[in-house]
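Here are the chains, one letter per residue:
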Amino acid sequence: MIMIYIEHPEENIICYHGPININLVSFTSNYIKKHIVADASVVGKIYKVFIELTQNVSYYSAKQYSKLRAFGSGIGWFRVDEKKDHFAITTGNVILKEHGPILKKNCAEINSLGESELRKLKRVTRSQVGIRDIGAHIGLIQMGLITGNPLNLNIESQNENYSFFTITAKVNKR
Amino acid sequence: MKNLIVDAIPDSPYYPEVNFNSETGICELIGESYMEEAYKFYTPLLNWFKEHTLELNKPVTLNLKLTYFNTNSSRLLLDMLDILKKSQEAGNEVEINWFYEEDDPDVKDEVEDFEIETGLQIKMIPME
């Protein structure tokens with residue numbers, strides 16, 4: 001059982017756990033766009049980050065909700081919180097254990113690069129990936145570019161086969 | 001050659017509206033693009049461009065009016081622009097206009113990255 005602990009309920013805008021498919025992503029992202037009170041450019045960044053992160057759960061969660069659909073219904077959770085000077089978009093999902101070190105390495109690389117280097121990495125990565133499955137890496141690079149902030153990730157072992165992966169992207173209010 | 005039309009679907013706003021006109025060569029993508037399995041949506045569009053501009057050597061004006069596209073879609077947009085670059089190199093007339101929202105702080109970098117990757121010139125036009 002996965003528990004989502006909301007430390008500061010007054011800061012939480014939305015929180016969900018369950019299967020995440022394209023229609024939920026679309027509905028929720030538009031809800032967020034309409035209900036978050038902030039500068040239009042900030043709301044736009046939250047919208048982009050939310051879609052990219054939740055689609056990663058949808059596609060790449062190791063636990064898929066097969067009753068709903070065969071593809072793109074990954075089980076996981078998301079939350080959006082408003083802090084004093086930023087908005088935090090967080091997702092969590094189960095991953096195969098062997099994917100943990102790759103995600104850590106990719107995020108460490110993204111967090112170590114400046115904007116121009118990140119853009120170069122995005123161009124190189126985008127030109128190399130296949131069209132059927134471009135993978136989560138380029139989406140994480142895009143999160144680094146859109147937010148201008150480091151990505152905060154956590155990977156906890158669940159058993160010998162699976163780990164639980166959480167990632168937070170912060171969008172500054174100014 | 002037939003026109004390629006995909007109407008906007010209000011219940012599925014993650015698919016853009018498509019209007020490719022084979023007579024005029026004016027081709028438009030309008031709305032947002034973050035569907036799952038984007039290659040299934042974009043493959044007929046790429047094939048249309050290949051036939052229209054690489055095989056029939058017809059001119060193209062591509063008007064991109066996308067207010068949001070995810071990284072999956074950006075990969076397919078890159079393929080679309082690569083086809084147009086090949087057409088331009090073959091001597092065909094190619095014009096690309098990117099319509100953008102002025103309060104989007106990321107779009108200019110996105111377009112510049114596409115220009116760097118493809119070698120195409122993309123004209124940026126603010127949306128009204």
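Residues numbered from 1 in each chain as written. Chains lettered and ligands numbered in written order. Predicted model: local features only at pLDDT ≥ 70, side-chain atom pairs only at ≥ 80, totals over all residues. Heavy atoms only, no water.

Visitor: What should I look at first to understand the overall build of chain A in this one?
Guide: Within chain A, the secondary structure is distributed over 5 helices and 5 strands. Seen in sequence order, chain A has helices and strands lined up from the N terminus as β-α-α-β-β-α-α-α-β-β. The C-alpha atoms of chain A give a radius of gyration of 16 Å, which matches the 16 Å a tight globule of 174 residues would have. Evaluated residue by residue, chain A yields a buried proportion of 49% over its 174 residues. Put simply, of all contacts in chain A between residues at least 6 apart along the chain, 65% involve residues at least 24 apart. Total accessible area computed for chain A in this model is approximately 8700 Å², and 53% of it derives from carbon and sulfur atoms. Once the 22 positive and 15 negative side-chain charges of chain A are each reduced to a mean point, those two points are 6 Å apart. (Helix = DSSP H or I, 4+ residues; strand = E, 2+ residues; numbered from the N terminus. Rg over C-alpha atoms; globule rule 2.2 N^0.38 Å. Buried < 20%, exposed > 50% of the residue type's maximum accessible area, 1.4 Å probe, protein only. Contact = heavy atoms within 4.5 Å. Areas by Shrake-Rupley, 256 points an atom, 1.4 Å probe, with all protein chains shown as cover. Lys, Arg positive; Asp, Glu negative; His and termini not counted. Charge placed at Lys NZ, Arg CZ, Asp CG, Glu CD.)

Visitor: Explain a negative patch on the surface here, please?
Guide: A cluster of like negative charges, contributed by D39 of chain A together with E101, E102 and D103 of chain B, occupies part of the molecular surface. The topology assignment puts D103 of chain B in the loop between β5 (94-100) and α3 (107-118). (Patch = residues over 30% accessible without salt bridge, like charges linked within 9 Å, V, L, I, M, F, W, Y side chains within 5 Å. Salt bridge = Lys/Arg side-chain N within 4 Å of Asp/Glu carboxyl O.)

Visitor: Can you help me understand the interface of chain A and chain B in this one?
Guide: Accessible area lost upon the coming together of the parts is a frequently used measure of interface size. The partner chain B presents 29 residues to the 34 residues of chain A that form the contact. Buried area between chain A and chain B, summed over both chains or domains, comes out near 2900 Å², and the portion from carbon and sulfur atoms is 47%. On the chain A side of the interface with chain B, the three residues burying the most area are R119, R126 and I131 of chain A, jointly 25% of the side's total. One can count 10 salt bridges joining chain A with chain B. One salt bridge connects R119 of chain A with D113 of chain B, and the closest N-O pair in it is separated by 3.1 Å. Of all the secondary-structure elements, those providing two or more residues to the side of chain A that touches chain B are α1 (22-35), α2 (40-60), α4 (115-128) and α5 (137-147) of chain A. Element by element, the count of residues in the side of chain A that touches chain B is highest for α2 of chain A, at 9 residues. Residue composition of the side of chain A that touches chain B, grouped by class: 12 nonpolar, 11 polar and 11 charged. (Buried area = accessible area lost by both parts, 1.4 Å probe. Nonpolar A, V, L, I, M, F, W, Y, C, P; charged D, E, K, R; others polar.)

Visitor: Help me understand the environment of I155 of chain A, please; the structure alone is not making it clear to me.
Guide: Residue and element names in this part refer to chain A. By secondary structure assignment, the location of I155 is in strand β4 (residues 152-157). On the basis of relative accessible area, I155 is assigned to the buried category, the value being 18%. Sequence separation between I155 and F87 is 68 residues, and the spatial gap between their C-alpha atoms is 22 Å. Discounting residues that sit within four places of it in the chain, I155 has contacts with G100, L103, K104, S163, F164 and F165.

Visitor: Explanation requested: the pairing of strand β2 (residues 17-20) of chain B in the structure shown.
Guide: Side chains on a regular strand alternate between the two faces of the sheet. Residues and elements named next belong to chain B. Alternating residues of β2 divide into V18 and F20, all buried, and E17 and N19, none buried. Pairing between strand β1 (residues 4-6) and β2: 3 bridges, direction antiparallel. Pairing of I5 across the sheet is with N19, part of β2. Direction of pairing for β2 relative to strand β3 (residues 26-33): antiparallel, over a ladder of 4 bridges. Bridging across to β3, F20 finds its partner in C27. The loop that links β2 with its antiparallel partner β3 comprises 5 residues; one of these, G25, has a positive phi angle of about 80 degrees. (Pairing = 2+ DSSP bridges.)

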